[in-house]
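So you can see what is in the structure, the chains are spelled out below.
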Amino acid sequence: MKEVKIKIESLSVSYGNKPALKDVSLNISKNQVTALIGPSGCGKTTFLKTINRLNDFNDSIKISGKVLIDGVDIYSKNTNVTELRKKTGMIFQKSNPFPKSIFDNVAYGPRVNGITNKDELYEIVKNCLIKAAIWEEVENNLYDSALKLSGGQQQRVCIARALAVNPEILLMDEPASALDPLSTARIEELILELKKNYTIIIVTHNMQQAARVSDMTAFFYMGELIEYDKTRKIFTNPSKRQTEDYITGRYG
């Protein structure tokens with residue numbers, strides 16, 4: 001059995017009186033890719049945001065249950081939320097580079113964390129751009145604006161930026177949905193490479209993508225976790241009729 005990195009116990013989340021997640025429990029293993037699938041509004045992104053407490057910014061939210069990372073409850077009063085967010089990098093659906101140079105985008109986190117030595121920063125930036133499979137495309141224009149890059153390149157710079165603070169978990173909210181097929185393929189190859197060193201959770205509407213990149217798949221519907229199993233089983237022999245109906249396109 002793989003080591004459990006994230007343990008979710010009876011997690012319920014509501015926005016005011018509107019439930020978004022209902023009594024969700026599952027274990028996510030270290031160095032695996034877990035795909036979250038399900039129709040829009042079923043709770044996938046809410047689930048993702050509970051893992052690095054991005055939902056904290058919403059005053060109307062109510063959360064019960066436990067989210068444990070390495071056995072530590074991240075919603076306990078003793079949690080250092082800044083440290084938690086360093087541990088859990090977030091990649092959004094729309095690439096969101098800062099209006100700065102490629103170098104400054106990737107160096108942003110290390111600088112905030114007190115690293116000022118130019119040589120050290122350069123090594124961090126270079127290593128993260130290599131890990132994000134974009135170094136060779138940008139090494140000669142590191143000081144140009146990241147906004148000049150293509151969508152796929154911007155997304156890989158955002159991945160490099162997330163890697164620069166040494167996370168252990170990468171949370172990806174439809175990271176390729178706005179990209180062309182070639183850029184999507186690059187991102188998928190990158191995910192498979194990154195899982196050697198990171199635990200990855202990806203929200204995707206693309207069933208083929210979930211099948212290609214993930215080890216485990218969780219199917220959500222109306223805030224409930226309907227089924228969670230090995231991806232191969234979910235896509236070839238799901239246990240629940242609801243799961244089968246969704247992945248064969250009967251609804252969603």
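Look a little higher up for the structure.
Residue positions are given per chain, counting from 1 as you read along its sequence in written order. A pLDDT threshold of at least 70 governs which residues receive local features in this predicted model, and a stricter bar of 80 or more applies before side-chain atom pairs are shown or counted, although totals over entire chains, interfaces and linings include all residues. Calculation of side-chain values draws on the structure's entire complement of heavy atoms; hydrogens and water are dropped beforehand.

1. Quick notes on the pairing of strand S1 (residues 4-15)
Two strands qualify as a pair provided DSSP detects at least 2 bridges between them. A helix here means a DSSP run of H or I that spans at least four residues, while a strand means a run of E at least two residues long, and both kinds are numbered starting from the N terminus. Across 8 bridges, the pairing between S1 and strand S2 (residues 18-29) is antiparallel. The residue of S2 that forms the bridge with Ile-6 is Ile-28. Counted along the chain from S1 to the antiparallel partner S2, the turn is 2 residues long, and its residue Gly-16 has a positive phi close to 65°. The sheet contact formed by S1 and strand S4 (residues 61-69) spans 8 bridges and is antiparallel. Across the sheet, Ile-6 pairs through a bridge with Ile-69, a residue of S4.

2. Side note on the packing of aromatic side chains
Two aromatic rings from Phe, Tyr or Trp, using only the six-membered ring of Trp, form a pair when their centres are within 6.5 Å; if the ring planes differ by under 30 degrees the pair is stacked, by over 60 it is edge-to-face, and anything between is tilted. Per the counting criterion, the structure on display carries 5 aromatic pairs. Our definition puts a charge over a ring when NZ of Lys or CZ of Arg is within 6 Å of the ring centre and also within 35 degrees of the ring normal. Arg-161 extends its terminal NZ or CZ atom over the ring of Phe-98, reaching a point 4.1 Å from the ring centre.

3. A word on the packing of helix H3 (residues 102-112) against helix H6 (residues 151-163)
The convention used is that axes are lines fitted to C-alpha atoms, helices contributing only their stretch in contact, and that angles between N-to-C directions extend from 0 to 180 degrees. Two elements in contact, H3 and H6, have axes separated by 7 Å at closest approach and are oriented at 30°. By the angle class used here, H3 and H6 are roughly parallel. Of the two elements, H3 crosses H6, and the hand of that crossing is right-handed. Where H3 abuts H6, its residues Ile-102, Asn-105 and Val-106 lie against Val-157, Ala-160 and Arg-161. Taken together, the residues of the contact of H3 with H6 break down into 4 nonpolar, 1 polar and 1 charged. In these notes the angle categories are as follows: under 35 degrees is roughly parallel, over 145 is roughly antiparallel, 65 to 115 is roughly perpendicular, and the rest is oblique. Note: crossing handedness is left-handed where the near helix turns anticlockwise from the far helix by less than a right angle, and right-handed where it turns clockwise. Only heavy atoms enter the contact rule, under which two residues are in contact if any of them lie within 4.5 Å. Only Asp, Glu, Lys and Arg are considered charged, only Ala, Val, Leu, Ile, Met, Phe, Trp, Tyr, Cys and Pro nonpolar, and every remaining residue, Gly among them, polar.

4. What about H3?
Listed in full, the buried residues belonging to H3 are Ile-102, Phe-103, Asn-105, Val-106, Ala-107, Gly-109 and Pro-110. Those residues of H3 that are buried are in contact with helix H4 (118-131), helix H5 (135-138) and H6. Think of it in three bands: with a 1.4 Å probe and only protein chains considered, a residue is buried below 20% of the maximum accessible area for its type, exposed above 50%, and partly exposed in between.

5. Some remarks on the pattern of salt bridges
A side-chain nitrogen of Lys or Arg and a carboxyl oxygen of Asp or Glu constitute a salt bridge if their distance falls within 4 Å. One pass over the structure, following the stated rule, counts 14 salt bridges. A salt bridge links Lys-5 to Glu-168; its shortest N-O distance comes to 2.4 Å. You can see Lys-5 sitting in strand S1 and its partner Glu-168 sitting in the loop between H6 and strand S7 (169-173), a full 163 residues away along the chain. Owing to a relative accessible area of 32%, Glu-168 belongs among the partly exposed residues under this scheme. Connected through shared salt-bridge partners, Lys-5, Asp-70, Lys-87 and Glu-168 make up one network.

6. What to know about the nonpolar core
We define the nonpolar core as a collection of buried residues of types Ala, Val, Leu, Ile, Met, Phe, Trp, Tyr and Cys that are connected through side-chain atoms lying within 4.5 Å of one another. In this structure, Leu-129 and Ile-159 are the most contacted members of the largest nonpolar core, which totals 44 residues. In contact with Leu-129, not counting residues within four places along its chain, are Ile-102, Val-106, Ile-134, Trp-135, Val-138, Leu-142, Val-157 and Ala-160. Judged by nonpolar contacts, the second largest core, of 25 residues, contains Ile-28, Phe-47, Leu-171 and Ala-218.

All we've got here are geometric facts, nothing functional implied.
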